[in-house]
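# Descriptive analysis of the structure
This is what each chain is made of:
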Amino acid sequence: MPEIFGQLFGIAVFASLIRAFVPLFLATLGGLFNERSGIVNIGIDGMMIFGTWFGAWGSLRFGPLAGLLIATLAGTLVALIHAVATVTFRVDQIVSGVAINILALGVPRFLSIVAFGEGQEAQSPAVRSLPKIDLPGLGEISPVVPLTVVLGVAAWWVLNRTVLGLRLRSAGENPRAAESLGVRVVNMRYAGVLISGAFAGLAGGYLSVELVGQYTEGMNQGRGFIALAALILGNWSVIGVAFSCLLFAWTEALTVYLRVDWINNAFIASLPYIVTLVVLALFSRRVRPPKAVGQAYEAGSPV
């Protein structure tokens with residue numbers, strides 16, 4: 001029993017949980033902004049994939065800090081495509097997100113061939129990372145870890161204590177009423193989607209630059225979809241999604257450290273996805289999404 005307890009809650013598991021929590025929480029924060037503004041963004045996974053590639057490429061060319069910034073910019077530019085399609089042209093939001101995910105399957109491979117040469121389409125050379133912070137008991141962690149905590153606090157403050165947050169939330173709850181009070185709903189929805197892309201790009205950049213040390217095809221492992229599940233479980237609140245991401249990050253850490261004879265290793269490796277499905281099945285009907293999320297809106301017209 002003590003051995004099992006250590007595999008479930010040991011220091012090594014906690015350290016791995018922190019590393020897994022960062023990209024998931026960043027991506028979920030991004031999803032929180034776009035859905036509170038009224039736009040569904042299942043393309044978060046694709047934006048993260050673009051972030052992983054551009055983060056590695058930027059780190060190779062200009063250094064790790066520039067790589068993370070370039071990854072953030074890449075996620076924002078991909079999000080701009082989603083914003084133009086869904087907000088301006090009112091394309092179905094699910095279809096637009098799927099298109100971004102499909103692009104993310106092919107474009108990074110093509111860019112890898114162009115940037116790294118033939119035979120390097122599936123991965124990049126090793127990249128440099130930021131200087132690590134040494135924490136007693138936890139080992140070395142990336143500076144992005146405390147930055148993630150700061151961004152989480154900032155996101156809560158912006159959404160709940162600022163005029164911008166109030167306007168953004170009103171665009172996702174009742175855009176017609178918000179517009180009647182002078183809120184530019186289109187601008188708020190653009191802002192929500194672009195912020196989402198920036199967070200997703202940074203999450204992807206963290207994976208390739210700080211966590212793995214290179215871009216590898218498939219390294220995102222569907223974290224963008226798990227982020228959407230964490231968003232639902234967290235009931236579209238910063239504190240709620242933080243606890244949700246901790247749960248999912250813990251299950252990801254268990255895939256590394258949980259090894260017992262009576263549990264199949266394949267089942268352990270599938271834990272994050274199994275937990276995601278269970279959570280969606282149990283809690284999807286007990287949460288309250290923004291009332292106008294997923295609904296196209298044209299300025300001057302009813303939803």
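The preceding data block contains the structure.
Below is a summary of the structure that appears in this document.

So, how was this worked out
Residues numbered from 1 in each chain as written. Predicted model: local features only at pLDDT ≥ 70, side-chain atom pairs only at ≥ 80, totals over all residues. Heavy atoms only, no water. Helix = DSSP H or I, 4+ residues; strand = E, 2+ residues; numbered from the N terminus. Contact = heavy atoms within 4.5 Å. Expected span 1.5 Å × (residues − 1). Buried < 20%, exposed > 50% of the residue type's maximum accessible area, 1.4 Å probe, protein only. Arc of directions from axis to C-beta. Core = buried A, V, L, I, M, F, W, Y, C linked by side-chain atoms within 4.5 Å. Phe/Tyr/Trp six-rings, centres within 6.5 Å; stacked < 30°, edge-to-face > 60°.

This part takes up unusual backbone geometry. Positive phi is not limited to glycine here, since Q221 has a value of about 55°. One can find Q221 in the loop between helix 9 (185-212) and helix 10 (223-233). Positive phi, close to 60°, is recorded for W236, a residue that is not glycine. Mapped onto the elements of the fold, W236 is located in the loop between helix 10 and helix 11 (238-257).

The next subject is the environment of A115. Inspection of the secondary structure assignment puts A115 in helix 5 (residues 93-116). Taking the C-alpha atoms as reference points, A115 and L194, 79 residues apart in sequence, are found 26 Å from one another. Once residues within four sequence positions are removed from consideration, A115 is found in contact with W53, W57 and R61.

Once that is clear, we can look at helix 6 (residues 144-161). Its 18 residues give helix 6 an end-to-end C-alpha distance of 25 Å, which sits within 8% of 26 Å, the value for a rise of 1.5 Å per residue. Looking at helix 6, one finds that the buried residues are V144, V145, T148, G152, A155 and L159. With its buried residues spanning 100° around the axis, helix 6 presents them on a single face. Exposed and oriented more than 90 degrees from the buried face of helix 6 are V149, V150, V153 and R161.

Here we come to the nonpolar core. Counting 80 residues, the largest nonpolar core has F25, L29, L32, M48 and F248 as its most contacted members. A total of 14 residues in this core trace back to one element, the largest contributor, which is helix 2 (residues 11-36).

Moving on: the packing of aromatic side chains. This structure, assessed with the given rule, holds six aromatic pairs. With a centroid separation of 5.7 Å and 40° between ring planes, the pair formed by W53 and F116 is classed as tilted. Of the two residues, W53 sits in helix 3 (residues 44-62) while F116 sits in helix 5, which places them 63 residues apart along the sequence. Every member of this aromatic cluster is reached through a ring pair, and the members are W53, F54, W57, F62 and F116.

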